[in-house]
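The chain contents come next:
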Amino acid sequence: MKIILISIAFIIFAPILGGLLSGLDRIISARMQKRVGPSIFQPFYDVFKLFQKENVVVNSSQNFYMICFLIFTVFTGAMLFTGEDILLTVFSSTLAGIFFVLGGYSTYSPYSFIGSERELISMMSDEPMVILMAIGMYMVTHSFFIHDIVAFDKPAIIYLPGVFIGYLFVLTIKMKKSPFDLSMSHHAHQEVVSGIKTEFSGKSLAMIEIAHWYENIFLLGTVYLFFAVSPIIGILVSLLVYFIETFIDNTNARVKWQWLLKSSWIVALVFGATNILILYFVK
Amino acid sequence: MSYFKKSPWLIHYDGSSCNGCDIEVLACLTPLYDIERFGIINTGNPKHADIFLITGSVNEQNKEVIQNIYSQMPDPKVVIAVGICAASGGVFADCYNVMGGVDKLIPVDVYVPGCAARPEAIIDGVVKGLDVLEQKYSQKNNTDKKENA
Ligand code: SF4
């Protein structure tokens, strides 16, 4: 019963929160560029408008994939917030990503092809570190269940500083922020137009946006796990991390995929794997 | 209620403009004018756009491109011709390859005068275009209702 209630609360409140965060992101970005920026509700206006637009479809399966992407993203977040298995959460988030990529491939546009390919490479880059994060959590708390991880009496960050740094690094990839936004290029659509999203319009584009709101809340939720002992600090750090991501987004130029892959694996090895090795021998 | 006024996304295409008008369009994005205040985004992707902003005239080479972009945009959509060239061909009207203004090819909803059109005028034109967008949306809604009834 409790699980159902939490899931419903997540389904209702996560997009509201996620939308506000993304509005905040746009205002902060604008301020960093000495502009005023849009209203904080702008992402909601955008999505409402998209629902009123005509839905141009090149392939009837493309919307199906995006619905799956949305459903699995919601499912992932709901699992995290109801305290289920962290490994399952990681797997279902990957599955959601795969649906997103399939949606991109199904539209036959050269731009979305390149975008999908790059999205696969991004997933390859961030996955090792995400798995290491789950392993680290297990080594500290001796449980893969998120409700046990949250209930652990010390903050996991004490044991996992390296994993946290590595995780922050791949969070930029997960949130699709510059310099790692090569699959969609969120700002100023050039180079690959808008990558995976190129052929999506109207309702399906709105669904992609909403899925990203859910995803962001899910990702910040995983950051929270490192500080779960004190909820206030956890929430503050999550917000700070979001601000840092916005800052990185605005101060870095897009990199090539080779650099993305190399750097993220090196970071995972140097910070993540070393941290876990030390933990293995010391604990 | 429609949200087009709150979130117009536009695509900018340079026909055979001298680049004067284009610079002014880009000036709208700068901190001085900052059109993102109104939720306006320069998308560069016809499938995401509500407003088609054209600078410069139509010529024999780009008429298919313009036609293509226009038909790729999902309804409701609005076309804004920026500058005299886009309105009538302007100083280039007599060139051997120039067809004339944009309305020779696709229906134009708003004409922004000027050579080059000032950023204020362009923003004004976009705001005018929003009314047209709203109108088109409610018209479409009404015809849909009639068809269903
Ligand atoms: S209207 Fe004037 S400034 Fe604009 S493209 Fe034509 S010649 Fe250039």
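See the structure printed just above.
The following refers to the structure shown. The shown structure was predicted, so the numbers you read here are calculated from the model rather than taken from an experiment. (Residues numbered from 1 in each chain as written. Chains lettered and ligands numbered in written order. Predicted model: local features only at pLDDT ≥ 70, side-chain atom pairs only at ≥ 80, totals over all residues. Heavy atoms only, no water.)

We now examine the site of the ligand. Residues and elements named next belong to chain B. Around the ligand sit Ser17, Cys18, Gly20, Cys21, Gly83, Ile84, Cys85, Gly114, Cys115 and Ala116, and that is every residue in its neighbourhood. Those elements that provide at least two residues to the shell around the ligand are α1 (20-27) and α3 (84-88). Looking at the shell around the ligand residue by residue, the class counts come to six nonpolar, four polar and no charged. (Near = heavy atom within 4 Å. Helix = DSSP H or I, 4+ residues; strand = E, 2+ residues; numbered from the N terminus. Nonpolar A, V, L, I, M, F, W, Y, C, P; charged D, E, K, R; others polar.)

Quick look at the pairing of strand β5 (residues 78-82) of chain B now. All names here are of chain B. Taking burial as the measure, the five residues of β5 include five buried ones, the bulk of the element. The two faces of β5 match: Val78, Ile80 and Val82 on one face and Val79 and Ala81 on the other face are all buried. Bridge count between strand β3 (residues 51-55) and β5: five bridges; the pairing is parallel. Residue pairing across strands places Phe52 opposite Val79, the latter belonging to β5. The sheet contact formed by β5 and strand β7 (residues 110-112) spans three bridges and is parallel. Looking across to β7, one finds that Ile80 is bridged to Val110. (Buried < 20%, exposed > 50% of the residue type's maximum accessible area, 1.4 Å probe, protein only. Pairing = 2+ DSSP bridges.)

Turning to the pattern of salt bridges, a few remarks are in order. Counted by the stated rule, this structure contains 13 salt bridges over all chains. One salt bridge in this structure joins A:Lys176 and A:Glu119, with 3.5 Å as the shortest N-O distance. With A:Lys176 in the loop between α7 (161-174) and α8 (202-225) and A:Glu119 in helix α5 (residues 110-141), this residue pair connects regions lying 57 residues apart in the sequence. Considered together, A:Lys176 and A:Glu119 belong to a single accessibility category, that of buried residues. Notably, a salt bridge pairs B:Lys136 with B:Asp109, separated by 3.3 Å at the nearest N-O pair. In this pair, B:Lys136 sits in helix α4 (residues 119-148) while B:Asp109 sits in the loop between β6 (98-100) and β7, placing the two residues 27 residues apart along the sequence. In this structure B:Lys136 comes out as partly exposed when scored by relative accessible area, which is 26%. Residue B:Asp109 is classed as partly exposed on the basis of its relative accessible area, which comes to 29%. Residues joined by salt bridges that share partners form a network here, namely A:Arg26, A:Arg35, A:Asp46, B:Asp34 and B:Glu36. (Salt bridge = Lys/Arg side-chain N within 4 Å of Asp/Glu carboxyl O.)

Bringing the environment of A:Met175 into the picture now. All names here are of chain A. Mapped onto the elements, Met175 comes out in the loop between α7 and α8. Under the relative-accessibility criterion, Met175 is labelled buried at 8%. The spacing of Met175 and Trp213 is 38 residues in sequence and 9.9 Å in space, taken between C-alpha atoms. Contacts of Met175, omitting those with residues within four sequence positions, involve Asn216, Leu219, Leu220, Tyr242 and Glu245. (Contact = heavy atoms within 4.5 Å.)

Treat this as a map of the structure, not an account of what it does.
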